[in-house]
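Given next are the chains, with one letter for each unit.
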Amino acid sequence: MQELLELFTYDFFQKAFLSAIFASISCGIIGTYIVSRRIVFISGGITHASFGGIGIAFFLGLNPLLGAIVFAVLSALGIQLFTHKAGIREDSSIAIWWSLGMALGIIFVFITPGYTPNLMSYLFGNILTVTNSELWMMFALNVVILTFFSLFYRKVLYIAFDEEFAKASGIPVALYNYLLIILIALTVVLNIRVVGIILILSLLTIPQATANLFTKDFKKLIILSTLFAFLGTISGLLISYFANIPSGATIIFTLVIVFGLLRIYKYFR
Amino acid sequence: MEPLIHIKDVTLAYDKEAILERVNLKIFQQDFIGVIGPNGGGKTTLLKAILGLLKPIQGELIFSDLIKKEKNPFGYLPQVRHIDKKFPITVFDVIRSGNLSKKRNGANKKVEKEKAEFLLEEMGISAIKNQAIGELSGGQMQRVFLCRALISDPKILILDEPDTFVDNRFEGELYEKLRVLNDKMGILLVSHDVGTISSYVKTIACVNKHLHYHLSNTITNEQLEAYNCPIQIISHGDVPHTVLKEHSH
């Protein structure tokens, strides 16, 4: 216990703790939207496409997260464009952007001279090395998401539930869809440092699956998934620290265990 | 009298393939139109054009001032098979989603909630208010969607197969309800069950690439053939040769 309290006096741990809170809120809200709307696969495409931006940023010596943001937003819009304007099947256009981003990332990381030190932390995340500027960006994202969802909660819910009906009632559905896909892109990228490109989808889906065991109401789902996400990230963080194993993977593993236990509990109750 | 909607020489298409060609129809406040026709004949497409979800590639839809001044002039009940049954939303929220008044202040919200409560009561489904949409039976779900269509006090009620997934008892109740609602609003009802709706609707629109408007609620097989409108024949009663009840001139 003493050791646990002592942890909080460390600067790196305070930052990790804050990023866990920020990640839980943004992923709790955006993940609920993604899961309810069944666009997990789109989000996966955006996530992996962002690796292209990371690679190019490495090559040019820029901030990798900025490269990732540009690529994530571009691929989010690109997927929409391919699907709705070019007539390509949606799952195919997702796959195209998904693999194109990864391919570009690999090429640029390869031709970048020297060793690219943080590459692994972008792929698999490392919550213990989050920087101040990244923390500020996560904070800003949380403010944007919370504001957007409190102002437009009903419209977002109605569009997600029945897009055609919303359109017929005169809601500018396309505009909301674009804004939300951009928010998804930003959420994915800014949480990459917590669990990494490969694992971020889990933070957007497992807490929601767990919360869904207890409620089928959109708002309660948001609140509960945020709590489960926080529980998972914090326990994962502590376990990874004391057992000295990678934090991203530990967080995911913890989330799955929590889901599994509660699923069994629901089954026998 | 001026029609609420005047569909004038309208052609509708998806990807340039015409689904409906040169359709003409006038819809009035007191109308109760049964829309029938084969699958893929363009029934839903016609509804989408009225709702503004699909722009005609030819012709125009002329709306009366009564329609234009309303923000939500149409009450729409879409086909339930397109609804995601696992979506995390409660019955109460679904019903409220039918009302999208521009100003969302406290007073409007209160009125909206009261209206939703009133409709729940009227449909006899107050007990399921807080249930998730996926936990309902077919009949309950259709009632919920009817409430959603009605909460905005529409001028025209547009129903796309409200009789799917429901039992006979609910079907009868539903059509009785529509008959009462017809005093206040025009109704456009798409259905497969031509036999049952014929005793409730006032006129019939046969839709199969073209639209033939039949100014009576009785229609014979021969007439359907003449309209090029082959539909699944479900005979009700003991008159095997007529789809609907016979003309009684």
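Residues numbered from 1 in each chain as written. Chains lettered and ligands numbered in written order. Predicted model: local features only at pLDDT ≥ 70, side-chain atom pairs only at ≥ 80, totals over all residues. Heavy atoms only, no water.

1. Regarding the interface of chain A and chain B
Opposite the 19 residues of chain A that make contact, chain B presents 26 residues. Interface area for chain A against chain B, summed over the two sides, is near 2200 Å², with a carbon-plus-sulfur share of 64%. Together, Tyr158, Phe161 and Phe165 of chain A form the three largest contributors to the area buried by chain A at its contact with chain B, with a combined 34%. On the surface where chain A and chain B come into contact, there are 4 salt bridges. Here aspartate 84 of chain B makes a salt bridge to arginine 38 of chain A, at a shortest N to O gap of 2.7 Å. (Contact = heavy atoms within 4.5 Å. Buried area = accessible area lost by both parts, 1.4 Å probe. Salt bridge = Lys/Arg side-chain N within 4 Å of Asp/Glu carboxyl O.)

2. Some points on unusual backbone geometry
All names here are of chain B. The backbone of arginine 22 sits at a positive phi, close to 45°, despite the residue not being glycine. With respect to the element layout, arginine 22 can be found in strand E2 (residues 17-27). Given a relative accessible area of 53%, arginine 22 falls into the exposed group. Positive phi is not limited to glycine here, since aspartate 153 has a value of about 50°. (Helix = DSSP H or I, 4+ residues; strand = E, 2+ residues; numbered from the N terminus. Buried < 20%, exposed > 50% of the residue type's maximum accessible area, 1.4 Å probe, protein only.)

3. A word on empty space enclosed by the protein
For the structure on display, the rule yields 2 cavities of 30 Å³ or more. Approximately 50 Å³ is the volume attributed to the largest cavity. Every element with two or more residues in the lining of the largest cavity is listed here: helix H7 (132-161) and helix H8 (163-168) of chain A. Of the residues in the lining of the largest cavity, the class split is 5 nonpolar, 2 polar and 2 charged. In this structure, the second largest cavity spans a volume of roughly 40 Å³. Among the elements of the structure, helix H5 (138-150) and helix H6 (168-181) of chain B are those that each provide at least two residues to the lining of the second largest cavity. (1 Å grid on protein atoms, 1.4 Å probe; cavity = no way out; pocket = protein on both sides within 12 Å on 5 of 7 lines; lining within 4 Å. Points joined across faces, edges and corners; volume = space filled by probe spheres on them. Nonpolar A, V, L, I, M, F, W, Y, C, P; charged D, E, K, R; others polar.)

4. Quick notes on the sheet that holds strand E3 (residues 32-36) of chain B
Residue and element names in this part refer to chain B. The strand order E5-E6-E7-E3-E8-E9 describes an open sheet built from 6 strands, whose pairing is mixed. Strands at the two margins of the open sheet, each flanked by one partner only, are strand E5 (74-77) and strand E9 (210-214). The average undirected angle you get between the axes of adjacent strands in this sheet is 15°. Pairing between strand E6 (residues 156-160) and strand E7 (residues 186-190): 5 bridges, direction parallel. Counted as the bridge partner of leucine 157 is isoleucine 187 from E7. Sheet strands touched by H5: E5 and E6. Its angle to E5, the strand with the most contacts, is close to 165°. (Pairing = 2+ DSSP bridges. Axes fitted to C-alpha atoms, helices over the stretch in contact; angles between N-to-C directions.)

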